[in-house]
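Listed below are the residues making up each chain.
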Amino acid sequence: MISADTDPMYQFKLERLLPFELGGFDLSFTNSSLWMGVAVALVAGLLWLGTREAQLVPGRFQSVVELFYGFVRNMVESIIGHEGLKFFPIVFTLFAFILACNMIGMWPYAFTVTSHVSVTLALGLLVFVIVLTVGLAKKGPLGFLAKFIPSGTPVAIAPFVFVLELISFLIRPGTLAVRLFANMLAGHSLMKVLASFVPLGLAAGGVGFLAALGSILGVAAVTALEFLVAFLQAYVFAILTCVYLSEVVGEGHH
Amino acid sequence: MPDPETPEDGIDPRNRLEALDRAVKAALDKRAADQAAADAREARAKQAQAGGAAWRMISNLVLATVLVAAAGYGLDRLFGTTPLGLVSGVFIGFAAGVWMAYQASARLQASQDPPAAGLAPVAKEEEGTDGDLR
């Protein structure tokens, strides 16, 4: 019974479109790469359309772009502060890319790039390396390590707090990655599982029709929820990036 | 200047005060309703925010435990110290998760406590008296 049509995990299958190998590494151009490209093209296209003929009274595309820009700018400024605006480009890029990938993934037959941990872990490591670099550059190695002991910690428990803070810092790329990929993976498989109940219920007949009807309603509800999750996870990723940056940019308020 | 003796809107001058009263009352009611709606929206947003924070804390707790345990398991595989790394990873990861939740809740409280501790109700009262002008 399990086939490409009903297997809930089939939608996450990677396919090599242009096989390519370099030094033992598989660097093929996959369907994932293709949809990443689509996401980038979509964001770039929207921004290009919105800023092509900038008017004092914005048109449709310009309004969307300005709203989008203002939303991320507000987020960066309210969390990191004014001097955080130099990190606006990276936060905007991350948010726009993840949001575009998540939203494209809602399209039937499209591939959800962010449902793969390799992609989200790469994004998480990117944030981690940026935060680490900025922190080391701003405070120096010792000052950076001192951040792991909040001021006012009793000397007796300082070593434990240091270890816990260090660990919670080191697992950040992991938490960022797992949060995003698990949400997308779970949501999309749930949609598929519910959807596959419909033909099964119809084939069974009798009370199966009721099950099919319930599944259709369930799929509709989960789809709506997934749109929310798609936005929310992009938002959470961007917010956490800002929070992590604010810890190394702003003066210590631990 | 229109002559006060001949009203243009056709309302008897004696009823005019009542009409004005009604209009003012309607406007005040509308303002109160708008304020209540805005308050409800704000409360909902705050609740959603707190819910999001709670959800993040819980997912952090689970993720920290799982990730550090996985790292411990990796060390086990590298150095052949099974099951020391995995076991200590579970405990250290859980401790780190609790610590992160503690930090997050402390931050949340710091950001929400001052207005909730008495400033907001006072401001509300003043607004109320302000709206009582007749």
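Conventions we followed
Residues numbered from 1 in each chain as written. Chains lettered and ligands numbered in written order. Predicted model: local features only at pLDDT ≥ 70, side-chain atom pairs only at ≥ 80, totals over all residues. Heavy atoms only, no water. Helix = DSSP H or I, 4+ residues; strand = E, 2+ residues; numbered from the N terminus. Buried < 20%, exposed > 50% of the residue type's maximum accessible area, 1.4 Å probe, protein only. Contact = heavy atoms within 4.5 Å. Areas by Shrake-Rupley, 256 points an atom, 1.4 Å probe, with all protein chains shown as cover. Salt bridge = Lys/Arg side-chain N within 4 Å of Asp/Glu carboxyl O. Patch = residues over 30% accessible without salt bridge, like charges linked within 9 Å, V, L, I, M, F, W, Y side chains within 5 Å. pLDDT = per-residue confidence, 0-100. Buried area = accessible area lost by both parts, 1.4 Å probe. Polar contact = N/O pair within 3.5 Å; in protein donor to acceptor, adjacent residues only side chain to side chain. Core = buried A, V, L, I, M, F, W, Y, C linked by side-chain atoms within 4.5 Å. Expected span 1.5 Å × (residues − 1).

> With reference to specific residues and values, describe the overall build of chain B.
Counting secondary structure elements, chain B contains 2 helices and 0 strands. Sorting the 134 residues of chain B into buried and exposed places 16% on the buried side. When contacts within chain B are restricted to residue pairs at least 6 apart in sequence, those whose partners lie at least 24 apart make up 58%. Of the roughly 10100 Å² of accessible surface on chain B, 64% is carried by carbon and sulfur atoms.

> Describe in detail the pattern of salt bridges, supporting the description with residues and values.
All names here are of chain B. The tally for this structure, following the rule as stated, stands at 5 salt bridges over all chains. Where Lys 25 meets Asp 29, a salt bridge forms, and the shortest distance between an N and an O atom there is 3.4 Å. In this pair, Lys 25 and Asp 29 are both assigned in helix α1 (residues 13-79), 4 residues apart and thus about one turn of the helix distant. Overall, the relative accessible area of 53% leaves Lys 25 in the exposed class. With a relative accessible area of 44%, Asp 29 lands in the partly exposed category. Residue Lys 30 is joined to Asp 34 by a salt bridge in which the shortest nitrogen-to-oxygen separation is 3.2 Å. With Lys 30 and Asp 34 both in helix α1, this residue pair falls 4 residues apart, about one helical turn.

> Break down a nonpolar patch on the surface for me, with residues and values.
All names here are of chain A. The grouping of Phe 71, Met 103, Leu 225, Phe 227, Leu 228, Phe 231 and Leu 232 at the surface amounts to a nonpolar patch, some 580 Å² of accessible area in total. Top element by residues in the nonpolar patch is helix α7 (residues 207-249). It accounts for 5 residues. Within the secondary structure, Leu 225 sits in helix α7. Since its relative accessible area comes to 47%, Leu 225 is described here as partly exposed.

> Quick one: what's the story with the confidence of the model for chain A, residue by residue and with numbers?
For chain A, the average pLDDT comes to 89, and 96% of its residues sit at 70 or higher. Looking over chain A, one finds the lowest element-wise mean pLDDT in strand β2 (residues 21-22) of chain A, namely 85, and the highest in helix α3 (residues 88-105) of chain A, namely 95.

> Describe in detail unusual backbone geometry, supporting the description with residues and values.
Put simply, B:Thr82 and B:Pro83 share a cis peptide bond, and its omega is -5 degrees. The residue A:Tyr109 is not glycine, and still its phi comes out positive at about 75 degrees. Along the polypeptide, A:Tyr109 turns up in the loop between α3 and α4 (117-146).

> Tell me about the interface of chain B and chain A, and name the residues and values.
Counting residues at the interface gives 13 residues for chain B and 14 residues for chain A. Of the roughly 1300 Å² buried between chain B and chain A, counting both surfaces, carbon and sulfur atoms make up 75%. At the junction of chain B and chain A, the tally comes to 0 salt bridges. Counting the contacts that link chain B with chain A gives 4 residue pairs in polar contact (both at pLDDT 80 or more). Of all the elements in the fold, those that place two or more residues in the side of chain B that touches chain A are α1 and α2 (84-130) of chain B. Of the residues forming the side of chain B that touches chain A, the biggest block, 7 residues, is contributed by α1(B).

> A description of the nonpolar core should follow, citing residues and the corresponding values.
The biggest cluster of nonpolar side chains holds 48 residues, and the ones touching the most others in it are A:Val72, A:Val76, A:Val91 and A:Phe237. Contributing elements (two or more residues each) for this core: α1 (31-52), α2 (60-80), α3, α4, α6 (172-204) and α7 of chain A. Beyond its immediate sequence surroundings of up to four residues, A:Val76 is in contact with A:Gly81, A:Gly84, A:Leu85, A:Phe88, A:Val91 and A:Cys242. Judged by nonpolar contacts, the second largest core, of 9 residues, contains B:Ala64, B:Val68, B:Ala96 and B:Trp99.

> If you had to explain the side chain of A:His116 to someone new, which residues and values would you point to?
Within the element layout of this structure, A:His116 appears in the loop between α3 and α4. The class for A:His116 is buried, based on a relative accessible area of 16%.

> Report on α6(A), specifying residues and quantitative values.
With 33 residues, α6(A) should reach 48 Å at 1.5 Å per residue; the first-to-last C-alpha distance of 47 Å fits that figure. Following α6(A) by one or two positions, A:Gly205 adopts a phi angle in the positive range, close to 70 degrees.

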